[in-house]
Amino acid sequence: MRGPRPRLPALPALLWLALAPLPGPAARAELRVRVRLPGGQVTEESLQADSGADCVSLELRAADGALVTLTADFRQEVKIFRALILGELERGQSQFQALCFVTRLHRNEIIPSESMAKLRQKNPRTVRQAEEVRGLEHLSMDVAVNFSKGAQLSSHIHNVCAEAKEAIYTREEDVKFWLEKGECPPGFAVSELARCWDGSCQLQRCRLCPDRWKPCICSYSLSIEWYPCMLKYCKSRDAGGKVSSYKCGIRSCQKGYTFDYYVPQKQLCLWDEET
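In short, a report on the structure. (Residues numbered from 1 in each chain as written. Predicted model: local features only at pLDDT ≥ 70, side-chain atom pairs only at ≥ 80, totals over all residues. Heavy atoms only, no water.)

Our next topic: the overall build of the protein chain. Counting its regular elements, the protein chain contains four helices and 15 strands. Burial status across the protein chain gives 46% buried among its 275 residues. Of the roughly 14000 Å² of accessible surface on the protein chain, a fraction of 50% belongs to carbon and sulfur atoms. (Helix = DSSP H or I, 4+ residues; strand = E, 2+ residues; numbered from the N terminus. Buried < 20%, exposed > 50% of the residue type's maximum accessible area, 1.4 Å probe, protein only. Areas by Shrake-Rupley, 256 points an atom, 1.4 Å probe, with all protein chains shown as cover.)

Shown next, in the form of structure tokens:
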């Protein structure tokens, strides 16, 4: 996940996906897609949608064994990344380490939950690769999140980040956005971490820190290798010659993220060592 990586050619337009109607006013659905990782490995990605709660979730296992989850809460405009990272037992780490990063969900980042719930594929054995590679996003997560207050912003924080109670991070600018909307509860964020980004903490990057037990600024990178980022529209003409458009498929994207955040000791960031 670090540095440029060779990519295979993108697949043709995803005509294998149909936006099939589902019964009832709200629908829950799960789609499993086989996805090719940058190193050539194939993994299975799970996409879940709940149009009633207006949210979607994507989960896949990365090449290094980490379990990566993205949850998009459209109603609250919240995006939650969770990573369950395999620990290095021989170096004194626990079996796995959990991280959660909470950011603002922007419009048109991912297709709506109601459209995601209707997706069907004709050939489940086909290995997919994103049609569009979106640019790497580098985010400074300068604020810690109070887990007990998280559900007041988005109920999904309480469910998704349960293993990462002491390692949930967001950005000061996103907190301001939610506060202006009146959705961010008092005590949601612990802003003291922000001072570590203005130089007053004198913190090193973990990759440069020689002492494994000192605090430092850690970097963690993850990638959502395949997700439906846009709807495709087709045109039809009726008997009178009138042209209309309708949803007929999706466009798939890949996007990588790098998160910088505070850790109380380098031992919690051993992957970010200088090579």
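That shown, we press on.
Another aspect to go through is the nonpolar core. In this structure, Phe101, Tyr220, Ile224 and Tyr261 are the most contacted members of the largest nonpolar core, which totals 48 residues. Of all the secondary structure elements, the ones that give two or more residues to this core are strand E2 (28-36), strand E3 (42-50), strand E4 (55-61), strand E5 (67-73), strand E6 (78-86), strand E7 (96-104), strand E14 (216-237) and strand E15 (243-263). In terms of residue count, E14 provides more of this core than any other element does, nine residues in total. Excluding its chain neighbours within four sequence positions, the residues that come into contact with Ile224 are Leu58, Leu60, Val68, Leu70, Cys253, Gln254, Lys255 and Tyr257. In terms of nonpolar packing, the next biggest core, distinct from the first, is built from 20 residues, Val78, Leu153, Cys161 and Ile168 among them. (Core = buried A, V, L, I, M, F, W, Y, C linked by side-chain atoms within 4.5 Å. Contact = heavy atoms within 4.5 Å.)

Moving on to empty space enclosed by the protein. Tallying each qualifying case throughout the model produces two cavities of 30 Å³ or more. Each pocket or cavity is described by its volume, and for the second largest cavity that value is around 40 Å³. Forming the boundary of the second largest cavity are Ala29, Glu30, Leu31, Leu47, Gln48, Ala49, Met116, Ala117, Leu119 and Arg120. Looking at the lining of the second largest cavity, the elements that each hand over two or more residues are E2, E3 and strand E8 (119-121). (1 Å grid on protein atoms, 1.4 Å probe; cavity = no way out; pocket = protein on both sides within 12 Å on 5 of 7 lines; lining within 4 Å. Points joined across faces, edges and corners; volume = space filled by probe spheres on them.)

As a further point, take helix H4 (residues 172-181). Taken together, the buried positions of H4 are Asp174, Val175, Phe177 and Trp178. Down the axis of H4, the buried set is contained in an arc of 160°. They therefore lie on one face. Of the exposed residues in H4, those oriented more than 90 degrees away from the buried face are Glu173 and Glu180. For H4, the elements touching its buried residues are E6, E7, strand E12 (168-170) and strand E13 (189-190). (Arc of directions from axis to C-beta.)

One pass over the full model with this rule turns up four disulfides. Between Cys206 and Cys216 runs a disulfide, and the two sulfur atoms are separated by 2.0 Å. As the torsion about the S-S bond is roughly 90°, the Cys206-Cys216 disulfide counts as right-handed. Taken as a pair, Cys206 in the loop between E13 and E14 and Cys216 in strand E14 lie far apart in primary sequence, ten residues in all. For the pair formed by Cys206 and Cys216, the shared burial category is buried. (Disulfide = S-S within 2.5 Å.)

What follows is about the environment of Leu203. Structurally, Leu203 is set in the loop between E13 and E14. For Leu203, a relative accessible area of 23% gives the class partly exposed. Placed 13 residues apart in sequence, Leu203 and Cys216 show a C-alpha to C-alpha distance of 5.3 Å.

Bringing the pattern of salt bridges into the picture now. Taken as a whole, this structure holds 14 salt bridges when the rule is applied. Its salt-bridge partner being Arg32, residue Glu30 comes within 2.9 Å of it at the nearest N-O pair. For Glu109, the salt bridge identified is with Lys79, shortest N-O distance 2.6 Å. You can see Glu109 sitting in the loop between E7 and helix H1 (113-116) and its partner Lys79 sitting in strand E6, a full 30 residues away along the chain. Exposure class is identical for Glu109 and Lys79. Each is buried. Residues joined by salt bridges that share partners form a network here, namely Glu30, Arg32 and Glu44. (Salt bridge = Lys/Arg side-chain N within 4 Å of Asp/Glu carboxyl O.)

An order of E10-E15-E14 is seen for the three strands of this open sheet, with the pairing classed as mixed. A strand with exactly one partner marks an edge of an open sheet, and here the two such strands are strand E10 (132-140) and E14. In this sheet, adjacent strand axes meet at a mean angle of 20° when their direction is disregarded. Note: E10 against E15, seven bridges, orientation parallel. Bridge pairing in E15 places Glu132 opposite Cys253. (Pairing = 2+ DSSP bridges. Axes fitted to C-alpha atoms, helices over the stretch in contact; angles between N-to-C directions.)

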